[in-house]
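# Inside the fold
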Amino acid sequence: MDKAFHRVMSTEELAPGQSKAVQLEGVSVLVCNVKGEFLAVENRCTHQASELEGGRIRNGMISCPLHGVMFDLRTGCGRGPLGKVPLRTFVVQVVGDEVHVGLNEPAEADS
Ligand code: FES
């Protein structure tokens, strides 16, 4: 496995619709269970830097607890004028019953 991947939790620790923040190399990463699919984004809203942990997850989107901007957990894209800046997203691999998160640079770093 790529050394950039870190084991963060077991799949049983996070029920569908829940999220949990973990610290990885100084980055607060929010791992979310979207109907059994594990996704990870930076736990920091791009609007005013509020933590996203505990935000409501629906239809693959998380609502920021502070002002309610919704972000797509797969792409990081936000909705509306307050969500113009996308969230950083991370690659997740489920290995057996363990969730691993990769800290490689996001796709937009290609340029
Ligand atoms: S801080 Fe998240 S929507 Fe304003």
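So, here is what we can say about the structure in this document. (Residues numbered from 1 in each chain as written. Predicted model: local features only at pLDDT ≥ 70, side-chain atom pairs only at ≥ 80, totals over all residues. Heavy atoms only, no water.)

### Overview of the sheet that holds strand β6 (residues 61-63)
- Spatial strand order, β5-β6-β7: three strands in an open sheet with antiparallel pairing. For this open sheet the edge positions go to β5 (57-58) and β7 (70-72), each flanked by a neighbour on one side alone.
- As paired strands, β5 and β6 are joined by two bridges and run antiparallel to one another. In the sheet register, Arg 58 faces β6, and the bridge partner there is Met 61. (Pairing = 2+ DSSP bridges. Helix = DSSP H or I, 4+ residues; strand = E, 2+ residues; numbered from the N terminus.)

### Regarding the pattern of salt bridges
- Under the definition given, this model contains three salt bridges.
- Note that Glu 98 and Arg 7 form a salt bridge whose closest N and O atoms lie 3.1 Å from each other. One end of the pair, Glu 98, is in strand β10 (residues 98-102); the other, Arg 7, is in strand β1 (residues 5-10), and 91 residues separate them in sequence.
- Judged by relative accessible area, Arg 7 falls into the partly exposed class, the value being 43%.
- Close ionic contact of Glu 13 with Lys 20 constitutes a salt bridge, the shortest N to O distance being 3.1 Å.
- We classify Glu 13 as partly exposed; its relative accessible area is 39%.
- Note on Lys 20: relative accessible area 31%, which makes it partly exposed. (Salt bridge = Lys/Arg side-chain N within 4 Å of Asp/Glu carboxyl O. Buried < 20%, exposed > 50% of the residue type's maximum accessible area, 1.4 Å probe, protein only.)

This is a description of form; function is not addressed.
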